[in-house]
Amino acid sequence: MASKETVVLAYSGGLDTSCILVWLIEQGYKVIGFLADVGQNEDFEVAREKGLRLGAEKMYIEDCKKEFVEEFIWPAVQANARYEDRYLMGTALARPCIARKLIEVAKKENATYISHGATGKGNDQVRFEIACYALFPTIKVIAPWRMENFLSRFAGRNDLLQYAAEKNIPVSATKSKSWSMDANLMHISFEGGELENPATAADSDMYMMTVSPEKAPDKADHISIDFKGGFPVKVNTDDGRVLEQPLQLFVYLNEIAGKHGIGRIDIVENRFIGMKSRGCYETPAGTVLQAAHIDLELLTMDREVLKLKQYLKREFETQVYNGMWYSPECEYTRACIALSQNVVDGTVHLKLYKGGVYVMSRESPRSLYNQDLVSMEVEGDHNAADATGFIRLNALRSREFQRVKRS
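Notes on the structure in this doc start here. (Residues numbered from 1 in each chain as written. Predicted model: local features only at pLDDT ≥ 70, side-chain atom pairs only at ≥ 80, totals over all residues. Heavy atoms only, no water.)

1. With respect to the packing of aromatic side chains
- Going through the model one piece at a time under the given rule, you end up with twelve aromatic pairs.
- Seen in terms of ring centroids, Y29 and Y113 are 5.6 Å apart; in terms of plane orientation they differ by 75°. Their pairing is edge-to-face. Placement of the pair is Y29 in the loop between helix 1 (15-26) and strand 2 (30-37) and Y113 in strand 4 (residues 113-115), with a sequence separation of 84 residues. The same class applies to Y29 and to Y113, which are both buried.
- Relative to F150, the ring of W145 has its centre 4.9 Å away and its plane inclined at 85°; by these criteria the two rings are edge-to-face.
- For F150, a relative accessible area of 0% gives the class buried.
- Within the aromatic cluster, the residues linked to one another by ring pairs are W23, W145, F150, F154 and Y163. (Phe/Tyr/Trp six-rings, centres within 6.5 Å; stacked < 30°, edge-to-face > 60°. Helix = DSSP H or I, 4+ residues; strand = E, 2+ residues; numbered from the N terminus. Buried < 20%, exposed > 50% of the residue type's maximum accessible area, 1.4 Å probe, protein only.)

2. Describing the packing of helix 3 (residues 65-79) against helix 10 (residues 303-321)
- Running from N to C, helix 3 and helix 10 cross one another at 140°; their axes reach a closest spacing of 9 Å. One element, helix 3, and the other, helix 10, form an angle in the oblique class. Judged by residue contacts, P75, A76, Q78 and A79 of helix 3 engage K309, K313 and F316 from helix 10.
- Taken together, the residues of the contact of helix 3 with helix 10 sort by class into four nonpolar, one polar and two charged. (Axes fitted to C-alpha atoms, helices over the stretch in contact; angles between N-to-C directions. Parallel < 35°, antiparallel > 145°, perpendicular 65-115°, else oblique. Contact = heavy atoms within 4.5 Å. Nonpolar A, V, L, I, M, F, W, Y, C, P; charged D, E, K, R; others polar.)

3. Details of the sheet that holds strand 9 (residues 231-236)
- Judged by pairing direction, the sheet is antiparallel, and its five strands sit side by side in the order 10-9-8-13-14 without closing on themselves. Across the chains shown, the open sheet's two edge strands, defined by having one partner strand only, are strand 10 (242-243) and strand 14 (356-363).
- Relative to strand 9, strand 8 (residues 221-228) is paired through five bridges, and the arrangement is antiparallel. Each bridged residue has a counterpart across the sheet, and for F227 the counterpart in strand 9 is P232.
- Running at roughly 95° to strand 9, helix 3 makes contact with strand 8 and strand 9 of the sheet.
- Where helix 8 (residues 246-259) meets the sheet, it contacts strand 8, strand 9, strand 10 and strand 13 (346-353), and its direction lies at approximately 60° from that of strand 9. (Pairing = 2+ DSSP bridges.)

4. With respect to the environment of G230
- By the element assignment, G230 lies in the loop between strand 8 and strand 9.
- As for G230 and P75, which are separated by 155 residues in sequence, their C-alpha atoms are 8.7 Å apart.

5. Here we look at unusual backbone geometry
- Of note in this structure, N80 is not a glycine but carries a positive phi near 60°.
- Checked against the element boundaries, N80 lands in the loop between helix 3 and helix 4 (90-108).
- Taking relative accessible area as the criterion, N80 reaches 5% and is therefore assigned buried.
- Residue N110 is not a glycine yet carries a positive backbone phi of 55°.
- Assignment of secondary structure puts N110 in the loop between helix 4 and strand 4.

6. Overview of helix 7 (residues 157-166)
- For helix 7, every residue scored as buried is listed here: L160, L161, Y163 and A164. Projected down its long axis, helix 7 carries its buried residues within an arc of 160°, all on one side. In helix 7, the exposed positions that point more than 90 degrees away from the buried face belong to A165 and E166.
- The inward-facing, buried residues of helix 7 abut helix 1 and helix 6 (148-151). (Arc of directions from axis to C-beta.)

7. A short note on the pattern of salt bridges
- For the structure on display, the rule yields 30 salt bridges.
- D37 is the salt-bridge partner of K65, the closest N and O atoms lying 2.8 Å from each other. Of this pair, K65 sits in helix 3 while D37 sits in strand 2, and the two are 28 residues apart along the sequence. Each member of the pair, K65 as well as D37, is classed as buried.
- For the salt bridge of R127 with D124, the shortest nitrogen-to-oxygen distance reads 2.9 Å. On the criterion of helical spacing, the pair formed by R127 and D124 is a turn pair, its members being three residues apart in helix 5 (residues 124-135).
- Of the residues examined, R127 reaches a relative accessible area of 4% and is grouped as buried. (Salt bridge = Lys/Arg side-chain N within 4 Å of Asp/Glu carboxyl O.)

Okay, structure coming up:
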């Protein structure tokens, strides 16, 4: 290579990206490391020093926690997003946030390339690259796990571990615990290694944000969460504290829910790329917020609007999981979901205990619940005799279906 071209590497400090940083330098690139602080529990100065020691020309460490919560997690809370009814998408939501900041650095440094450590079999390569192309159409991507000269040298994580030992690259992964971990403010995910066999039970000690429900306190915690327009705006704690800043209340919910063993799942899911994968996830705050938000929606939203919103939720989940955050359809879906949330104001009271989130009560100034109308004790503004015609009309289709079926 006649002159060194600049590549901004999405760097985590873990096994893959540490090895990729050194490998890119071997290929003749000038490497600038970029590390997004999206709430992972990490010593970022140590990561900075490690990246520079491995040969990076510069290291950017960007604090993205506030925007991650307010611009990415909060819309997912509004949507009740849960891919395939189980996965709260902590990784999928973080990727467009990270990609946006990565592109800002690439533009600042006049970089020709960006690079990442996402596997060639996974979702993250799609999420990163689609987001980056949307935000910077002329950027070029170096994806080592799809390149022949990289794959011929590194068949998998064991080869990376050997390379790290040869190059004196400090890593925390081992051959005995070789799973891949992705951590951020919303969750920690674990996959790969011994977890690749779905018949193998995950070690309970693997989890980091949550205790085992069996080891959770014998005394429950009671909290309340206030929502405005579908966004969490206040948490009242069991010990009398009031938390109102989005990042502050989200961190608290992670702590209190993690203490009670809330938010662990172990699933097999369908990757966008077409294969199934097994992953273990812990999402404490997200699990609590979704339980509260769903309950409040049922109190405040019209039935038919809720049906439409649930359809949009499914679309949103797929769009986010597949890396389409910056697509026109995802922007439209988010806007429609946000409109549905205009009435989702109120407070939900919760009990947290031994892995469970229990809704105890709720109230809202926008409540559609009419106690006089629904009460068994008073007639209210309802004539029970009206139900006779209602029932007969609704039975008409079934009667006709069964008549033809019998003929």
